[in-house]
Structures are given as structure tokens and as C-alpha cells.
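The primary structure of each chain is shown beneath.
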Amino acid sequence: MERQDRRKIEDLRTHGRSRAVRWDRYNYRDDAVIHITNCADRGAPFSDAGVAKMTADSVIRCCELRMYRLFGFCLMPDHLHTLLSPGDSGCPLAQWLDAFKSFTGHEFVKLGGVPPLWQRSCYDHVCRDGETAENVMRYIVNNPVRKGLVEDWRDWPWTRVFIEI
């Protein structure tokens, strides 16, 4: 494979060397709603309230710093669902993910965790026509209900919603 072709394929990856090539007509920096799921590398590190708080605060702060629009998130014991949009930031999703995972990974170690915090890859889904942020957010916030952790999503301490659902 030619070097230029390899670079073109690498530009389509959303995060890390291990990522599969994503949707070839989307650059992951446009103003679109994206649902990302990041899984812990092992165990359930977010069962620890200190690690959960640090991670939840970091989602919000990283969106502020990168000028992303944050619709909301739900931090489960072993993974994180986030609904966001690059908006007009011009910041690609890979850059947001790198900053977020790097910061939270370092903070996790400071809190006594054994690295790595996150799996190398993540799942992302660009919301298509007919998928509204509100509908996707409803799905996200009901994760703890589906897992039997709470009866009402509002009772889960690590859910934040910044839109009307």
C-alpha cells in the first residue's frame, strides 16, 4: 500500500492505531451529534466514587476546553456513554478522545489505580437522519435501569443531562 493511501486511511480512524476505519464520508469534526462508548480496560473502576467523580467532571471539562457541545453522559461501573458534538470547534473527535483518555488515565493513577484505565479503542456512532439527540439521550440515561442498578435513571449518581428529554 502506498504511503499516501495509508495516510488517507489513517485520517479516517476516529481513535488510535487499533481502530477500524470508520464512515468514509464523515470527518468526525463537523457539527453532528455523536454517541461514543468508552469501556474500562478491566474491571469496574467507576464503582469507586472518587474515580467516578473525577471521570464525570473530566467529561464536562474536556468538552468546555475543546468547545464541544455536551448533551449528556452516563458513567456505568465499567464504561462511559457520552453524547456530544464538535459543533463549530473544528476539533476532530480523535483529538477530543486523546485529551480525555490521557487526562483521566493520569488522574486515575494519581487516585491509586493501575493503568490503563481505558481500552485503546471506543465505539462511536454518528447520529443519522431521524435520530435526535433527545432520543439517543433517553437510551443512554436508561442504561442503569436496564442493568437493574436503579429503578429511575434520575437516581443514578453519574448521569448528567444537559438537554430536555
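Calculation rules
- Residues numbered from 1 in each chain as written.
- Predicted model: local features only at pLDDT ≥ 70, side-chain atom pairs only at ≥ 80, totals over all residues.
- Heavy atoms only, no water.
- Salt bridge = Lys/Arg side-chain N within 4 Å of Asp/Glu carboxyl O.
- Buried < 20%, exposed > 50% of the residue type's maximum accessible area, 1.4 Å probe, protein only.
- 1 Å grid on protein atoms, 1.4 Å probe; cavity = no way out; pocket = protein on both sides within 12 Å on 5 of 7 lines; lining within 4 Å.
- Points joined across faces, edges and corners; volume = space filled by probe spheres on them.
- Nonpolar A, V, L, I, M, F, W, Y, C, P; charged D, E, K, R; others polar.
- Helix = DSSP H or I, 4+ residues; strand = E, 2+ residues; numbered from the N terminus.
- Contact = heavy atoms within 4.5 Å.
- Pairing = 2+ DSSP bridges.

Trainee: Outline the pattern of salt bridges, supporting the account with residue identities and numerical values.
Mentor: Tallying each qualifying case throughout the model produces five salt bridges. With a closest N to O distance of 2.8 Å, Asp41 and Arg42 form a salt bridge. In this structure, Asp152 engages Arg154 in a salt bridge whose closest nitrogen and oxygen atoms are separated by 3.1 Å. Looking at Asp152, the relative accessible area reads 29%, which means it is partly exposed.

Trainee: Go over the layout of surface pockets with me, naming the residues and quoting the values.
Mentor: Of the pockets and cavities examined, the largest pocket occupies roughly 170 Å³. Class assignment of the residues belonging to the lining of the largest pocket gives a composition of five nonpolar, four polar and four charged.

Trainee: Quick rundown of the side chain of Asn143? Include the residues and the values.
Mentor: Looking at the secondary structure, you find Asn143 in helix α5 (residues 143-146). In this structure Asn143 comes out as buried when scored by relative accessible area, which is 7%. With residues up to four places along the chain from it excluded, the contact list for Asn143 reads Cys74, Met76, His79 and His81.

Trainee: Describe the pairing of strand β3 (residues 79-85), with residues and values.
Mentor: β3 sits mainly inside the fold: seven of its seven residues count as buried. Sheet topology places strand β1 (residues 34-39) next to β3; six bridges connect them, and they run antiparallel. Along β3, the bridge assignment pairs Asn38 with Leu80. Note: strand β2 (residues 69-75) against β3, six bridges, orientation antiparallel. Across the sheet, Leu75 pairs through a bridge with Leu80, a residue of β3.

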